[in-house]
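Summary of structural features
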Amino acid sequence: MDIDTRLLRSFAAVCEEGQLTAAADRLRVSQPALTKQIRLLEERLGVDLFRRSRSGMTPTPAGNALAAHAAELLVSWEGAVRATRDAAAQGAASLRVGFEGGTINLVGRRTVTDFTRRMPGWQIEIRQNSWFDPAAGLTAGEIDLALWHAPHWMAERYDVSLLGTDERCVALSVGHRLAGRPVIDFTELLDEPFVAMPAEAGHWRDYWLATAERQGSPVRIGAVAHNADEWMAAVACGQGIGISPQTISRLSTRPGVVFRTVRGLSPSQVGLYWPRERPCTPAMTAFVRSCRATVEFGPRGALGPV
């Protein structure tokens, strides 16, 4: 029987936390999505793994039996994946870098030329981050670095070399009632329908819906997009508005969409992120320095090491 490792991670988190709310917060996924994963695992195994009550989730005897093996299985699998990916990367002398949507266009020939000057014989593999994996392939070892516009707390979970800051703005269809305004208060957008990432995006979905700035105001979802192109199309068609990095407004050529400054949103920290347990290699360091030399991400402030 094949079991998705994501289901085991969800199961292990619920066991350790004892309740769905805390486990969902730890995994940075919604509680309904976590509940669905636990139900799916129980269906595949054909057993009840938890006793559910108002006080929390208690493992059944079957759940305890699985918990005794789950942690070891996950550690072993993640180690095997990392070792495989690292061996492949070393053999190919390539650096795998994940990018968010349109920000991939910020890195061009100058950056690549600068990198190959610093690392002769090396190549850069450019990959677009998946909206279905909050870790963008870093945990699985599929990429070496991820370029993120991230909230400040992300630096507590990953090692990061900051490249600068970038304001968050709002994307509107050209026919939107606020499209003619150069600056908009975020409070004016609270009742608007938004184009959202899928639930699997976890904390990224919340961040680009600005849930932290809503002060408890619920989000209206007008459409769900699965990648940057779908997101832009949904905004252009008037299915909802969206929040994006300010840099996207300089790069986007999508007809029917305008970008406007928003007051009341905290800026993103732009940086290259990687797992804390993995050392920063010479190639990673070289790429960070190449980005600093060739790419403008806005006010830089304290960039940190590398």
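Residues numbered from 1 in each chain as written. Predicted model: local features only at pLDDT ≥ 70, side-chain atom pairs only at ≥ 80, totals over all residues. Heavy atoms only, no water.

One pass over the full model with this rule turns up 13 salt bridges. Where Arg 118 meets Asp 114, a salt bridge forms, and the shortest distance between an N and an O atom there is 2.5 Å. Here Arg 118 and its partner Asp 114 are both found in helix α5 (residues 109–118), 4 residues apart, which amounts to about one turn of the helix. One network of salt bridges, with partners in common, ties together Glu 16, Glu 17 and Arg 26. (Salt bridge = Lys/Arg side-chain N within 4 Å of Asp/Glu carboxyl O. Helix = DSSP H or I, 4+ residues; strand = E, 2+ residues; numbered from the N terminus.)

Of all residues in the chain, 91% attain a pLDDT of 70 or more, and the chain-wide mean is 87. Mean pLDDT values for the elements of the chain range from 74 in helix α4 (residues 61–92) up to 97 in strand β9 (residues 193–196). (pLDDT = per-residue confidence, 0-100.)

Here we come to the nonpolar core. Judged by nonpolar contacts, the single largest core of 49 residues is most densely connected at Trp 148, Met 154, Phe 186, Leu 189, Trp 204, Trp 231 and Tyr 273. Within the residue set of this core, elements represented by two or more residues are β5 (145–150), β6 (158–166), β7 (168–173), β9, α6 (203–207), α7 (228–236) and β12 (257–263). At 5 residues, the largest contribution of residues to this core is made by α7. The contacts of Trp 231, once residues within four sequence positions are left out, are Trp 131, Ala 171, Val 195, Ala 225, Gly 242, Ile 243 and Ser 244. Among the nonpolar cores identified, the runner-up in size contains 21 residues, and Phe 115, Ala 283, Cys 291 and Val 295 belong to it. (Core = buried A, V, L, I, M, F, W, Y, C linked by side-chain atoms within 4.5 Å. Buried < 20%, exposed > 50% of the residue type's maximum accessible area, 1.4 Å probe, protein only. Contact = heavy atoms within 4.5 Å.)

What follows covers the packing of aromatic side chains. Counted according to the given criterion, the structure contains 6 aromatic pairs. Judged by centre distance (6.0 Å) and plane angle (75°), the rings of Phe 115 and Phe 287 are edge-to-face. Of this pair, Phe 115 sits in helix α5 while Phe 287 sits in helix α9 (residues 282–294), and the two are 172 residues apart along the sequence. Residue class for Phe 287 comes out buried when judged on its relative accessible area of 0%. A centroid spacing of 5.1 Å and a plane angle of 80° characterise the contact between Trp 148 and Tyr 158, whose relative ring orientation is edge-to-face. Here Tyr 158 lies in strand β6 and Trp 148 lies in strand β5, a separation of 10 residues in the sequence. This pair shows no difference in class: Trp 148 is buried, exactly as Tyr 158 is. Feature note: the residues Trp 148, Tyr 158, Trp 204 and Tyr 273 constitute an aromatic cluster, connected by ring pairs. In this structure, Arg 214 packs its charged tip against the face of Phe 194, placed 4.8 Å from the ring centre. (Phe/Tyr/Trp six-rings, centres within 6.5 Å; stacked < 30°, edge-to-face > 60°. Lys NZ or Arg CZ within 6 Å of the ring centre and 35° of its normal.)

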